[in-house]
Amino acid sequence: MSAEWRGKWALITGASAGIGVALARELAAGGANLVLTARRRDRLESLAQELVAKHKIKTAVFAADLSEPSAPEKIYAFTREQGIEVELLINNAGFGAYGELPSVEVAKLLDMVQVNCSAVVHLTRLYLPEMVKRRSGDVLILASTASFQAVPYISTYAATKAFDLLFAEGLAEEIKPYGIRVCALCPGSTESEFHAVAGQEKFTRKAETAEKVARTGLKALAAGKSYVISGLGNYLGAQGERLVPRRMVTRIAGGMFKPRKD
């Protein structure tokens, strides 16, 4: 499946940890060349060296912070300068924050919207015209099982992921006539640094591996699906919510996520 992109260039945001690293390794094993971008250059360079040595692929590293509105343009300019034709764009970068909204820093909330939503739209808009012109290309967008409902105490994060899901689904239908595939990957709890960054370490039970999530997403994209939920339990949970009143679903989620008093 990952050989679908053999010899082609894939760009992965948030490639320094978690699902981003797993996606890079899966694609490299299939012979894809990689543009790796994230904030931490040392991690990107270490990963690039590993993948070049193991799979004899080409890599390019560009450190960028997607909370900065200018970052997508800088990434795009870098690939243009390098003469890299991106056939697969993976909008993987994202983060969350846990707690009651008034307790979360305003800057963190706005950065979350910038990284999880604005940067996704910006990067996709930058690379899509070239794909349309070639009449080939793929876009994978990291959404979440939180895309399917409101989730108190991670309200902003869930809302950003609902945006990502709907953006991907709409875009998939819109540009299908050009031979371009778009898929939203919706993982549940995943073994990564995400929960530590978001302050949600207690919600890591029954977590899937990042490797399984990565394979699920790439397989669904190659199959032409507009979205995929990773894990049977996550799928049943997301679909089962449709049978229950929305307010009840939100109330149940609020009970699960409510901070415990010591």
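Definitions and limits used
Residues numbered from 1 in each chain as written. Predicted model: local features only at pLDDT ≥ 70, side-chain atom pairs only at ≥ 80, totals over all residues. Heavy atoms only, no water. Helix = DSSP H or I, 4+ residues; strand = E, 2+ residues; numbered from the N terminus. Buried < 20%, exposed > 50% of the residue type's maximum accessible area, 1.4 Å probe, protein only. Polar contact = N/O pair within 3.5 Å; in protein donor to acceptor, adjacent residues only side chain to side chain. Contact = heavy atoms within 4.5 Å. Axes fitted to C-alpha atoms, helices over the stretch in contact; angles between N-to-C directions. Parallel < 35°, antiparallel > 145°, perpendicular 65-115°, else oblique. Left-handed = near helix turned anticlockwise from the far one by under 90°. Nonpolar A, V, L, I, M, F, W, Y, C, P; charged D, E, K, R; others polar. Salt bridge = Lys/Arg side-chain N within 4 Å of Asp/Glu carboxyl O. Expected span 1.5 Å × (residues − 1). Arc of directions from axis to C-beta. Pairing = 2+ DSSP bridges. Phe/Tyr/Trp six-rings, centres within 6.5 Å; stacked < 30°, edge-to-face > 60°.

Participant: Which residues make up the side chain of Glu208, and what values do they have?
Facilitator: Note that Glu208 resides in the loop between helix H6 (194-198) and helix H7 (210-222). With relative accessibility at 11%, the residue Glu208 sits in the buried group. Looking at Glu208, its side chain comes within polar contact range of the side chain of Lys212, at 2.7 Å. In terms of polar contacts, Glu208 uses its side chain to reach the side chain of Ser230, at 2.8 Å. Setting aside anything within four residues of it in sequence, one finds Glu208 in contact with Ser189, Thr190, Glu191, Val213, Ser230, Gly231 and Asn234.

Participant: Tell me about the packing of helix H1 (residues 18-29) against helix H2 (residues 41-55), and please be specific about residues and values.
Facilitator: Axis separation between H1 and H2 bottoms out at 10 Å; the angle between their running directions is 20°. As far as their axial angle goes, H2 and H1 are roughly parallel. You can see that H1 and H2 cross each other, and the crossing is right-handed. In contact with Val21, Ala24, Arg25, Ala28 and Ala29 of H1, H2 contributes Leu47, Glu50, Leu51 and His55. Grouping the constituent residues of the contact of H1 with H2 by class yields six nonpolar, one polar and two charged.

Participant: Explain the pattern of salt bridges to me, and be specific about the residues and the numbers.
Facilitator: Inspection of the entire model under this criterion finds ten salt bridges. Close ionic contact of Glu85 with Arg134 constitutes a salt bridge, the shortest N to O distance being 3.9 Å. Within this pair, whereas Glu85 is found in the loop between helix H3 (71-81) and strand E4 (86-91), its partner Arg134 is found in helix H4 (residues 106-134), the two being separated by 49 residues in sequence. By relative accessible area, which is 41% here, Glu85 ends up partly exposed.

Participant: Break down H1 for me, citing the residues and quoting the values.
Facilitator: The end-to-end C-alpha distance of H1 is 17 Å, a good match for the 16 Å that twelve residues give at a rise of 1.5 Å each. With nine of twelve residues buried, H1 lies mostly within the body of the structure. By the burial criterion, the buried members of H1 are Ile19, Gly20, Val21, Ala22, Leu23, Ala24, Glu26, Leu27 and Ala28. Those residues of H1 that are buried are in contact with strand E1 (9-13), strand E2 (33-38), H2, E4, strand E5 (137-142) and H7. Positive backbone phi, approximately 95°, marks Gly31, located one or two places after H1.

Participant: Which residues make up H3, and what values go with them?
Facilitator: Burial in H3 covers these residues: Ala71, Pro72, Ile75, Tyr76, Phe78 and Thr79. Seen along its axis, H3 keeps its buried residues to an arc of 155°; they face one direction. Facing away from the buried side of H3 by over 90 degrees, the exposed positions are Arg80 and Glu81. The inward-facing, buried residues of H3 abut E1, E2, strand E3 (59-63), E4 and H4.

Participant: How would you summarise the sheet that holds strand E6 (residues 180-186) if you had to cite specific residues and measurements?
Facilitator: Spatial strand order, E3-E2-E1-E4-E5-E6-E7: seven strands in an open sheet with parallel pairing. Every interior strand has two partners, whereas the edge strands, E3 and strand E7 (227-229), have only one. Here the strands of the sheet are splayed against their neighbours by 15° on average, with no regard to which way each runs. Sheet topology places E1 next to E2; five bridges connect them, and they run parallel. Across the sheet, residue Leu11 finds its bridge partner in E2, namely Val35. In the packing of H3 onto the sheet, contacts are made with E1, E2, E3 and E4, and the angle to E3 comes to roughly 150°. The sheet strands contacting H4 are E1, E4, E5 and E6, and the helix crosses E4 at an angle near 160°.

Participant: Which residues make up the packing of aromatic side chains, and what values do they have?
Facilitator: In this description, an aromatic ring pair is defined by two values, namely the gap between the centres and the angle between the planes. Going through the model one piece at a time under the given rule, you end up with four aromatic pairs. Taking the centre distance of 6.1 Å and the plane angle of 55° together, the rings of Phe148 and Tyr227 count as tilted. Residue Phe148 is found in the loop between E5 and helix H5 (155-175), and its partner Tyr227 is found in strand E7; the two are separated by 79 residues along the sequence. Look at Tyr227 and you get partly exposed, because its relative accessible area is 23%.

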